Amino acid sequence: MVTIKSKSEIAKMREAGRLLALVHEEMAKHIKPGISTMELNDIGDKMIRSFGCIPSFLNYNGYPASICISVNDRVVHGIPSREEILKEGDIVSLDAGLIYQGYHSDAARTYGVGKISKEAEDLIRVTKESFFEGIKYAKAGNHLHDISAAIEDYVVAHGYSCVRDLVGHGIGTAMHEDPSIPNYRQKRRGIRLQPGMTLAIEPMVNMGDWPICILDDEWTIVTEDGSLAAHYENTIVITEGEPEILSMIKE
Ligand code: MF3
Ligand code: CO
């Protein structure tokens, strides 16, 4: 069931999103060659708790950390480790979520570590841009899968592919609510969007083909062909006009 949030619920989600944007900003400052993915996790975890919020990923279906950190061909759900040290030329996706007064926010960013290749830069940029292409359609009266189609069309036009086995989602008092939000074209247009729907839209983009595998840790998702992958996600709310991005600092 897709829920419509009230004004006061949206106010809480706005604060959940704002705090999460600050957490991302802080983690981003520390991305440099030599830092371990566990150190980045700890920076994010500490900041979430300093706001009196709960890191929603920790113990979610047994996930063992607060931030998902996915390097290079890792698409999503990478588990931070003290042994995994970022090096110049890597790309790293940070996915984080928190709970503020019972309401969730969820957002992901991908960064280059030091100087990265032009190809990797392009992948990161196109992945972010595909989110913004998608939310052009995130308006009351449009249909959910208009977003899916816009994301995939943009990604494919740049020679990349969208992961099909993982999707965006509704979000609110739970991290994952209805509806599922695929990042590729669907046969049907999907539900009609209404003001007050809160959605986490999250293109996962592979430089190569879309199939993925899961590692023996039962969490880490990697590209099957070993190509690089990027991830970009925000929590948004459908309004009477333009969608509001909750998990981004307004510029
Ligand atoms: N951000 C992810 C999502 O949107 C959730 C991470 S899975 C977890 O589905 F186990 F780490 F929580
Ligand atoms: Co999500």
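Remember, it's a predicted structure, so these values are computed and weren't measured experimentally. (Residues numbered from 1 in each chain as written. Chains lettered and ligands numbered in written order. Predicted model: local features only at pLDDT ≥ 70, side-chain atom pairs only at ≥ 80, totals over all residues. Heavy atoms only, no water.)

Caption draft 1: Layout of the site of ligand 1. Surrounding ligand 1, one finds 13 residues, the nearest of these being Asp-95, Asp-106, His-169, His-176 and Glu-202. Between an oxygen atom of ligand 1 and a side-chain N or O atom of Asp-106, the distance comes to 2.9 Å. A distance of 2.6 Å separates an oxygen atom of ligand 1 from a polar side-chain atom of His-176. Its free accessible area being 330 Å², ligand 1 has 95% of it covered by the protein chains. Of the pockets mapped on this structure, ligand 1 occupies the largest pocket. Looking at the shell around ligand 1 residue by residue, the class counts come to six nonpolar, three polar and four charged. (Near = heavy atom within 4 Å. Polar contact = N/O pair within 3.5 Å; in protein donor to acceptor, adjacent residues only side chain to side chain. Areas by Shrake-Rupley, 256 points an atom, 1.4 Å probe, with all protein chains shown as cover. 1 Å grid on protein atoms, 1.4 Å probe; cavity = no way out; pocket = protein on both sides within 12 Å on 5 of 7 lines; lining within 4 Å. Sits in = over half its atoms within 2 Å of the grid points. Nonpolar A, V, L, I, M, F, W, Y, C, P; charged D, E, K, R; others polar.)

Caption draft 2: Highlighting the sheet that holds strand β11 (residues 212-214). The strand order across the open sheet built from three strands is β3-β12-β11, with neighbouring strands paired in antiparallel fashion. The sheet terminates laterally at β3 (74-76) and β11, the two strands that pair on one side only. Across the sheet, the mean angle from the axis of one strand to that of its neighbour is 40 degrees, orientation sign disregarded. (Pairing = 2+ DSSP bridges. Helix = DSSP H or I, 4+ residues; strand = E, 2+ residues; numbered from the N terminus. Axes fitted to C-alpha atoms, helices over the stretch in contact; angles between N-to-C directions.)

Caption draft 3: Structural context of the side chain of Asn-41. For Asn-41, the position within the fold is in helix α2 (residues 37-50). For Asn-41, a relative accessible area of 5% translates into the label buried. Every residue in contact with Asn-41, bar those within four places of it in the chain, is listed here: Ala-65, Ser-66, Ile-67, Ile-69 and Pro-80. (Buried < 20%, exposed > 50% of the residue type's maximum accessible area, 1.4 Å probe, protein only. Contact = heavy atoms within 4.5 Å.)

Caption draft 4: Molecular detail of the nonpolar core. Counting 27 residues, the largest nonpolar core has Leu-199, Ile-201 and Ile-236 as the members making the most contacts within it. Contributions of two or more residues to this core are made by α3 (118-135), α4 (144-157) and β9 (198-201). For this core, the element with the most residues is α3, which contributes six residues. Residues contacting Leu-199, with those up to four places away along its chain left out, are Leu-144, His-169, Gly-170, Ile-171, Pro-179, Ile-181, Leu-193, Asn-234, Thr-235, Ile-236 and Ile-238. Membership of the second largest hydrophobic core comes to 21 residues, among which are Ala-16, Leu-19, Ile-31 and Val-113. (Core = buried A, V, L, I, M, F, W, Y, C linked by side-chain atoms within 4.5 Å.)

Caption draft 5: Quick look at the packing of α3 against α4. The contact between α3 and α4 brings their axes to 8 Å, and the two run at 150 degrees. Of the two possible hands of crossing, α3 and α4 adopt the one that is right-handed. For the pair α3 and α4, contact is made by Val-126, Glu-129, Ser-130, Glu-133 and Gly-134 and by Ile-147, Ala-150, Ile-151, Tyr-154 and Val-155, respectively. (Left-handed = near helix turned anticlockwise from the far one by under 90°.)

Caption draft 6: Spotlight on the pattern of salt bridges. The full count for this structure, using the stated rule, is 16 salt bridges. Residues Glu-152 and Arg-164 are paired through a salt bridge, measuring 3.1 Å at the closest nitrogen-oxygen approach. Residue Glu-152 is located in helix α4, and its partner Arg-164 is located in the loop between β6 (161-162) and β7 (168-170); the two are separated by 12 residues in the primary sequence. (Salt bridge = Lys/Arg side-chain N within 4 Å of Asp/Glu carboxyl O.)

Caption draft 7: Here's a closer look at the packing of aromatic side chains. Under the counting rule described, the total for this entry stands at four aromatic pairs. Between Tyr-63 and Trp-219 the ring centres are 5.0 Å apart and the planes differ by 85 degrees, which places this aromatic pair in the edge-to-face class. Here Tyr-63, found in the loop between β1 (54-55) and β2 (67-71), pairs with Trp-219, found in the loop between β11 and β12 (221-223); they are 156 residues apart in sequence, far enough to count as distant. As far as burial versus exposure is concerned, Tyr-63 and Trp-219 are alike and both buried. (Phe/Tyr/Trp six-rings, centres within 6.5 Å; stacked < 30°, edge-to-face > 60°.)

Caption draft 8: Seen up close, the layout of surface pockets. In this model, the largest pocket occupies a volume close to 420 Å³. Lining the largest pocket are 24 residues, and of these Tyr-60, His-77, His-169, His-176 and Glu-202 sit closest to its centre. Contributions of two or more residues to the lining of the largest pocket are made by β7 and β8 (177-181). The element that contributes the greatest number of residues to the lining of the largest pocket is β8, accounting for four residues. Approximately 330 Å³ is the volume attributed to the second largest pocket. (Points joined across faces, edges and corners; volume = space filled by probe spheres on them.)

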